[in-house]
Amino acid sequence: MIVTGLLSYIAYGPQFGQAFPGDVAWFRLPFFDWPTRPSWLYRLSQGLHVGLGLALIPVVLAKLWSVVPKFFAWPPVRSPAQALERLSLVALVGGLLFEIVTGTMNIQYDYAWGFDFYTAHYWGAWVFIAGFVVHVAIKLPTMVRSLRGGSLRRYLAQSAAETEPEPPDDHGLVAVAPSPPTTSRRTLLGAVAGGSALLGLTALATTVDALRPLAVLSPRGQSYGDGPNDFQVNRTASGAGIPPTIGEGWTLRLTGGAAPVTLTRDQLLAMPPHTATLPIACVEGWSTTQTWTGVRLRDLAALAGVPEPATAFVQSAERAGPFARVTLTRGQVLDPDALLALRVNGADLSLDHGFPARVIVPALPGVHNTKWVAAVDFRVA
């Protein structure tokens, strides 16, 4: 989950200032150009991130329940070493709960807080990572000793009647006077595993069309169009301030060469078309695969007079919003399946899906597949 979260930050292109937060000082990651192959790379990476995050919820709750005696220990700190351990727990538990709560609410587009989700989630992750590393370093000897001291197979074979509490330890994890067990370790582990599997299934349902009705933690699954255009959308035309009349007099402006090039939609449709079946995946974890038809970005770059661009700056007709523009790398522009899409599944794009034209690039985060494209500036440096 940690690795895929950091990869998502890199996929947003922090080298172009389009990842949030922008200035991370010493926490700067080793940036690299996000690849376009395999085309399902971001779909897999972000799907794993969200799915694992949801699946961890029962694990976290069970773990917190298992250490309830520690919450009531007094005095709370007996030594400098224990103080460090408790501090790591604040970062570990607080950071993890913050990430789970904000991440789950983001899946549902529920922004009840007054701060930027991307920035808070990024820094919350580093708080959790720091707490996790310190806590594991401190508790590693105890973990190894405990795992070697008992047989998992024996524990799983015990019924509730055969279940006995652990002997008292020096760390206070065992209750002083535990009540008789009402369930076995096997049942507890089974309940946690079942809960994790169920939540994992709801995450999987956001990317497998046949399971879409099971995506109960996501607001997706509504109808955003008719027929070929009936699939998920992140930002509607109404929400972006795009008028229904955008197609009237719309033109695409290409710059970067000796002189600007302006094309109408009819002229774009008259160019050699290319069709590619590609997934589109968003940071919330949902994804879908559709068949897109349009003009290759590399063909537009050549038409603009920049056949070998270093980057391409894409601007939307949307006037506001953090994703109304995006910078694409050379590899993303020149990929043979990178498109300025005009049609989807054999039909014209609907307004919510980016009509008159939108960008579709393999393995690119969904919000960077800019909709309602108005201009593309191909840059050589």
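All of these numbers come straight from a predicted model, not from anything done at the bench.

Engineer: Please explain the overall build of the protein as it appears in this structure.
Structural biologist: For the protein, the count of helices and strands is 11 helices and 10 strands. Projected onto its principal axes, the C-alpha coordinates of the protein cover approximately 80 × 45 × 35 Å. With 381 residues in all, the protein has 44% of them scored as buried. Pairs at least 24 apart in sequence give 67% of the contacts found in the protein among residues at least 6 apart. About 19300 Å² of surface is accessible on the protein, with carbon and sulfur atoms providing 65% of the total. Where the 28 positive side-chain charges of the protein centre and where its 25 negative ones centre are 6 Å apart.

Engineer: Explanation requested: the pairing of strand β4 (residues 287–296) in the structure shown.
Structural biologist: On any regular strand, side chains alternate: one points to one face of the sheet, the next to the other face. Along β4, seven of the 10 residues are buried, which leaves the element largely enclosed by surrounding structure. Taken together, the eight bridges between strand β3 (residues 274–281) and β4 define a ladder with antiparallel strand orientation. Note on β4: the bridge partner recorded for Thr 277 is Thr 291. Pairing of β4 with strand β7 (residues 339–344) involves five bridges; the strand directions are antiparallel. Its bridge partner lying in β7, Thr 293 is registered against Arg 343.

Engineer: What should I look at first to understand the sheet that holds strand β2 (residues 261–264) in this one?
Structural biologist: The strands that make up a sheet are held in pairs by hydrogen bonds between backbone atoms, and each pair lies either parallel or antiparallel. Strand order in the open sheet made by the five strands is β2-β1-β10-β5-β6, with mixed pairing throughout. Across the chains shown, the open sheet's two edge strands, defined by having one partner strand only, are β2 and β6 (325–329). Averaged over all neighbouring strand pairs, the angle between strand axes comes to 20 degrees, with direction disregarded. Each of β1 (251–255), β2, β6 and β10 (373–379) touches helix α10 (residues 297–304); the most contacted strand, β1, lies at about 65 degrees to it.

How each quantity is defined
Residues numbered from 1 in each chain as written. Predicted model: local features only at pLDDT ≥ 70, side-chain atom pairs only at ≥ 80, totals over all residues. Heavy atoms only, no water. Helix = DSSP H or I, 4+ residues; strand = E, 2+ residues; numbered from the N terminus. Buried < 20%, exposed > 50% of the residue type's maximum accessible area, 1.4 Å probe, protein only. Contact = heavy atoms within 4.5 Å. Areas by Shrake-Rupley, 256 points an atom, 1.4 Å probe, with all protein chains shown as cover. Lys, Arg positive; Asp, Glu negative; His and termini not counted. Charge placed at Lys NZ, Arg CZ, Asp CG, Glu CD. Pairing = 2+ DSSP bridges. Axes fitted to C-alpha atoms, helices over the stretch in contact; angles between N-to-C directions.

Interpretation in functional terms is not warranted from these geometric data alone.
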